[in-house]
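As a plain string of letters, each chain reads:
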Amino acid sequence: MPGRQAARPRALHQNLDTAYVNLAALLRHLQQRDFAGRVHVELDEYDADIFLAARERPRVRERDHVTGRVAEGDAALQRVLVRASEPGGLVSVFAGETDAARADDWGGTFSAPAPAATGGGGDPSDGGREAAHTQDDIDRRVVLGLGGEVIAAVERAVESAGAEFAPHFQAARAEASEHFPFLASLAACVEYAEGEARLARAVSVAEFAEGTCEALRLVIERVSASGGEAARGVRREAARELAALEEGRPRSLARFNFSSQLERIAGLRWN
């Protein structure tokens with residue numbers, strides 16, 4: 001006897017603007033009513049799903065489209081709440097969808113990427129050019145991932161010091177975009193091929209590393225100038241986070257010219 005097909009989720013609210021919706025208050029409202037379903041948040045270069053079930057802690061899955069990073073857990077929930085405080089995002093609420101795997105079945109954003117193709121094909125006489133193209137693709141995937149790790153390290157430092165990362169990063173990108181135009185829209189410098197994100201060919205690897213680090217340096221400068229406890233601790237936290245990152249990825253960071261700029265971000269030496 002064939003199994004009964006599960007009903008598709010029912011949309012209660014769609015495309016509510018974050019300029020008018022307080023996501024934290026909305027989640028509290030839904031939990032107080034024992035709501036079971038999914039809240040989808042979509043912002044520039046980022047989206048997330050928050051799964052709610054009666055008397056259970058929210059489960060979160062977020063995806064940063066710039067870095068391709070997918071994360072879950074309490075820290076992910078905090079990042080969603082911070083990002084959703086910016087205007088211009090969209091919030092939708094779907095009843096009856098509490099399973100992340102089923103959300104993927106309905107076309108959710110967190111299904112696993114297709115594996116990258118390896119080897120095969122092409123004109124044998126063009127082998128050298130094909131190999132170079134493949135290495136360039138690999139480099140562009142790696143440098144995009146490294147950029148995401150550096151951004152995440154500074155984000156952790158800023159938020160652990162009691163400040164909000166997202167508005168400072170947005171303002172810093174706007175300021176630095178005069179010299180690094182790609183910072184005006186990070187999504188525009190990312191392309192997807194064979195299920196993986198990589199740096200678009202319109203942006204050089206060196207420019208991406210330098211521009212990203214300059215924007216993050218401006219973030220630390222902005223937080224430091226704000227006064228209070230965050231200003232006193234943010235440089236120390238950033239130096240600690242970036243030192244740990246460099247210790248774990250020394251060769252890759254040096255190869256793509258991140259290492260020489262990490263100390264400039266925090267404004268402190270750690271070696």
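Scope of this entry: the structure provided in the associated data block. (Residues numbered from 1 in each chain as written. Predicted model: local features only at pLDDT ≥ 70, side-chain atom pairs only at ≥ 80, totals over all residues. Heavy atoms only, no water.)

Moving on, we come to unusual backbone geometry. Where the residue is not glycine, phi is negative for most of them; where a peptide bond is considered, it is trans in most cases. Positive phi outside glycine occurs at D34, with the angle close to 55°. Here D34 falls in the partly exposed class, since its relative accessible area comes to 36%. Phi at N257 is positive, roughly 65°, even though this residue is not glycine. Here N257 shows up in the loop between α8 (250–255) and α9 (259–266). (Buried < 20%, exposed > 50% of the residue type's maximum accessible area, 1.4 Å probe, protein only. Helix = DSSP H or I, 4+ residues; strand = E, 2+ residues; numbered from the N terminus.)

One finds V150, V154, V158, F208, F258 and I265 to be the most contacted residues of the largest nonpolar core, which totals 46 residues. Where this core is concerned, the elements lending two or more residues are α4 (127–160), α5 (165–176), β8 (196–199), α6 (205–224), α7 (228–248) and α9. Beyond its immediate sequence surroundings of up to four residues, V150 is in contact with L216, L242, L245, L253, F258, L262 and I265. Counting 21 residues, the second-largest nonpolar core is a separate cluster that includes V39, V41, L43 and V91. (Core = buried A, V, L, I, M, F, W, Y, C linked by side-chain atoms within 4.5 Å. Contact = heavy atoms within 4.5 Å.)

The next thing to look at is helix α1 (residues 23–32). An α-helical segment advances 3.6 residues per turn. Residues three or four places apart therefore align on the same side. Burial in α1 covers these residues: L23, L26, L27 and L30. Seen from one end, α1 has its buried residues packed into an arc of 100°, which puts them on one side. Residues of α1 that are buried in the fold lie against β2 (37–43), β3 (46–52), α2 (74–83) and β6 (90–95). By the N-cap criterion, in which a side-chain oxygen at the helix start approaches the backbone nitrogen of a residue two or three places on, α1 is capped by N22, the distance to A24 being 3.1 Å. (Arc of directions from axis to C-beta. Polar contact = N/O pair within 3.5 Å; in protein donor to acceptor, adjacent residues only side chain to side chain.)

What follows covers the packing of aromatic side chains. Under the definition given, this model contains 2 aromatic pairs. Between F182 and F208 the ring centres are 5.7 Å apart and the planes differ by 40°, which places this aromatic pair in the tilted class. In this pair, F182 sits in the loop between α5 and β7 (190–193) while F208 sits in helix α6, placing the two residues 26 residues apart along the sequence. We classify F208 as buried; its relative accessible area is 2%. Over the ring of F169 we find R173, and its NZ or CZ is 5.6 Å from the ring centre. (Phe/Tyr/Trp six-rings, centres within 6.5 Å; stacked < 30°, edge-to-face > 60°. Lys NZ or Arg CZ within 6 Å of the ring centre and 35° of its normal.)

Let us look at the pattern of salt bridges. Tallying each qualifying case throughout the model produces 15 salt bridges. Note that R198 and D137 form a salt bridge whose closest N and O atoms lie 3.1 Å from each other. One end of the pair, R198, is in strand β8; the other, D137, is in helix α4, and 61 residues separate them in sequence. Of the two residues examined, R198 and D137, each falls in the buried class. One salt bridge connects E214 with R217, and the closest N-O pair in it is separated by 2.8 Å. Residue E214 and its partner R217 are both found in helix α6; the two are separated by 3 residues, about one turn of the helix. Salt bridges sharing partners connect three or more residues here, namely D136, D137, R140, R198 and R201. (Salt bridge = Lys/Arg side-chain N within 4 Å of Asp/Glu carboxyl O.)

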